[in-house]
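So you can see what is in the structure, the chains are spelled out below.
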Amino acid sequence: MSQTIIEVQNLYFSYEDHLILENINLKVEKGDFLALIGPNGGGKTTLARCILGFLTPTKGKIFLWGEEIRNFKNWHKIGYVPQRAGDLIDSLTPLSVKEFLLLPFKWYKVSLKPSLLDKLTEKFGMKNLLNKKIGELSYGQLQRSYIVRALILDPEILILDEPSVGLDFFTQEVFYETLGEFHKRGLTIILITHETWLLTKWVNKVACINQKLYFHGDHESFCIMAKKLEFFPEHHKIEHTHW
Ligand SMILES: Nc1ncnc2c1ncn2[C@@H]1O[C@H](COP(=O)(O)OP(=O)(O)OP(=O)(O)O)[C@@H](O)[C@H]1O
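Residues numbered from 1 in each chain as written. Predicted model: local features only at pLDDT ≥ 70, side-chain atom pairs only at ≥ 80, totals over all residues. Heavy atoms only, no water.

1. Details of the overall build of the protein
Under the convention used in this document: A run of H or I in DSSP counts as a helix once it spans at least four residues, and a run of E counts as a strand once it spans at least two, with each numbered from the N terminus. With the radius of gyration taken over C-alpha atoms, the globule rule is written as 2.2 Å times the number of residues to the power 0.38. With a 1.4 Å probe rolled over the protein chains alone, any residue whose accessible area is under 20% of its type maximum counts as buried; one over 50% counts as exposed, and the rest are partly exposed. Computed with a 1.4 Å probe, the accessible areas rest on the Shrake-Rupley method; for each residue, only the protein chains presented here act as cover. Note on charges: Lys and Arg go in the positive column, Asp and Glu in the negative column, and His and the chain ends are not counted at all. We put the charge of a Lys on NZ, of an Arg on CZ, of an Asp on CG and of a Glu on CD.
Within the protein, the secondary structure is distributed over seven helices and 10 strands. What you see for the protein is a C-alpha radius of gyration of 18 Å, in line with the 18 Å of a compact globule of 243 residues. Judged by the C-alpha coordinates and their principal axes, the protein covers about 50 × 40 × 40 Å. Evaluated residue by residue, the protein yields a buried proportion of 51% over its 243 residues. Element-wise, carbon and sulfur atoms account for 51% of the exposed surface of the protein, whose accessible area totals about 12100 Å². Here the protein holds 29 positive side-chain charges and 28 negative ones, and the gap between their average locations is 5 Å.

2. Details of the pattern of salt bridges
Quick note on the threshold: Salt-bridge detection follows one rule: a side-chain nitrogen of Lys or Arg within 4 Å of a carboxyl oxygen of Asp or Glu.
Counted under the stated rule, the structure contains eight salt bridges. One salt bridge in this structure joins Lys 113 and Asp 154, with 2.5 Å as the shortest N-O distance. Of this pair, Lys 113 sits in the loop between α2 (97–108) and α3 (114–123) while Asp 154 sits in the loop between α4 (139–152) and β7 (157–161), and the two are 41 residues apart along the sequence. By relative accessible area, which is 43% here, Lys 113 ends up partly exposed. Between Glu 181 and Lys 123 there is a salt bridge whose closest N-O contact spans 2.8 Å. Here Lys 123 lies in helix α3 and Glu 181 lies in helix α5 (residues 169–184), a separation of 58 residues in the sequence. On the basis of relative accessible area, Glu 181 is assigned to the partly exposed category, the value being 32%. Looking at Lys 123, the relative accessible area reads 26%, which means it is partly exposed. Put simply, Lys 113, Asp 154 and Arg 185 are held in one network by salt bridges that share partners.

3. With respect to the packing of aromatic side chains
Keep this limit in mind: When two rings of Phe, Tyr or Trp (its six-membered ring) have centres within 6.5 Å they constitute a pair, described as stacked for plane angles under 30 degrees, edge-to-face for angles over 60, and tilted for the intermediate range. Remark: a charge is flagged as sitting over a ring if the NZ atom of Lys or the CZ atom of Arg is within 6 Å of the ring centre and within 35 degrees of the ring normal.
Under the counting rule described, the total for this entry stands at nine aromatic pairs. Between Phe 72 and Trp 75 the ring centres are 4.9 Å apart and the planes differ by 85°, which places this aromatic pair in the edge-to-face class. Note on Phe 72: relative accessible area 7%, which makes it buried. Ring pairing ties together the aromatic residues Trp 65, Phe 72 and Trp 75, which thus form one cluster. The ring of Tyr 12 is capped by Lys 59, whose NZ or CZ atom sits 4.5 Å from the centre of that ring. The ring of Phe 100 carries Arg 149 above its face, with NZ or CZ at 4.2 Å from the centroid.

4. Some points on the packing of α3 against α4
To be explicit about the condition: To get an axis, fit a line to the C-alpha atoms, keeping to the stretch in contact for a helix; angles then go from 0 to 180 degrees between the N-to-C directions. Should an angle fall under 35 degrees it is called roughly parallel, over 145 degrees roughly antiparallel, and 65 to 115 degrees roughly perpendicular, with every other angle called oblique. The sense of a crossing depends on the near helix, which, turned anticlockwise from the far helix by less than a right angle, makes the crossing left-handed and, turned clockwise, makes it right-handed. Any pair of residues with heavy atoms lying within 4.5 Å of one another is described as a contacting pair.
Orientation of α3 relative to α4, taken along the N-to-C sense of each, is 155°, at an axis distance of 10 Å. Classified by the angle their axes make, α3 and α4 are roughly antiparallel. Relative to α4, the crossing made by α3 is right-handed. Residues Leu 116, Leu 117, Leu 120 and Thr 121 of α3 lie in contact with α4, whose contacting residues are Val 148, Leu 151 and Ile 152.

5. Quick notes on the packing of α3 against α5
Where we set the bar: By the convention adopted, Pro, Cys, Tyr, Trp, Phe, Met, Ile, Leu, Val and Ala count as nonpolar, Lys, Arg, Asp and Glu as charged, and the other residues, Gly among them, as polar.
Packing of α3 against α5 brings their axes to within 11 Å, and their N-to-C directions diverge by 150°. Considered as vectors, α3 and α5 are oriented roughly antiparallel to each other. Together, Leu 116, Lys 119, Leu 120 and Lys 123 of α3 and Val 174, Thr 178, Glu 181 and Phe 182 of α5 make up the contact between the two elements. Along the lines of polarity and charge, the residues of the contact of α3 with α5 split into four nonpolar, one polar and three charged.

6. Here we look at unusual backbone geometry
Positive phi values are uncommon outside glycine, yet Asp 154 reaches one of about 50°. Overall, Asp 154 belongs to the partly exposed group, its relative accessible area being 25%.

Below you can see the structure in the form of structure tokens.
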């Protein structure tokens with residue numbers, strides 16, 4: 001039986017008087033691999049940041065495992081790779097890569113599975129980088145660090161905001177294969193992406209956001225809907241003709 005682990009109810013979000021999200025209702029079931037898609041500025045990151053508790057909705061409610069977000073404490077169960085992760089570290093940050101990877105274990109007071117650290121640093125070619133200063137990594141290496149950091153938490157939900165930007169071709173392959181493996185083992189994934197080719201191979205649910213939620217359903221139904229291009233307002237049709 002399906003279990004709803006994220007529920008967004010009648011959510012509105014505004015930056016001052018600029019309405020960004022309007023009446024979003026969305027349920028994410030355990031085991032979903034959900035692609036969150038939509039045009040630039042459509043509100044995907046904003047929605048993810050509301051679900052992560054970084055932004056407080058102007059109106060509406062969010063429940064995580066049935067618990068209203070303001071009471072939710074088990075943040076270690078949610079891994080997150082932010083957008084443009086490779087830009088977020090100052091070159092002077094006084095942490096080694098290994099210390100950076102282990103930060104969430106300090107924040108959340110949970111135990112590391114050393115075998116997972118070992119496996120993922122190997123997979124993502126990070127082993128020889130562990131003692132380097134985090135601020136000395138390249139953009140793509142930093143992006144990889146954020147991905148490994150989110151995965152070694154062994155989370156139950158993983159939220160990824162355009163995670164493969166900046167990854168070389170080989171690492172992208174490793175990354176999506178690894179996501180597939182974690183997904184098979186029960187990880188629930190929300191992937192914000194513009195790489196619509198990914199939808200066929202990995203994703204089983206799709207949500208399209210452009211201020212409102214225009215579509216939420218399984219991937220097959222999405223393909224039928226997308227062909228019609230009826231679910232975006234007129235001024236966004238051109239950007240999406242490649243669907
Ligand atoms: N801190 C902020 N203050 C004011 N407006 C903001 C802020 N952050 C984002 N916005 C605005 O909110 C809207 C939605 O942005 P958001 O980043 O959620 O879109 P997105 O769908 O993730 O876009 P993209 O595909 O380009 O990453 C945009 O119009 C953006 O300019």
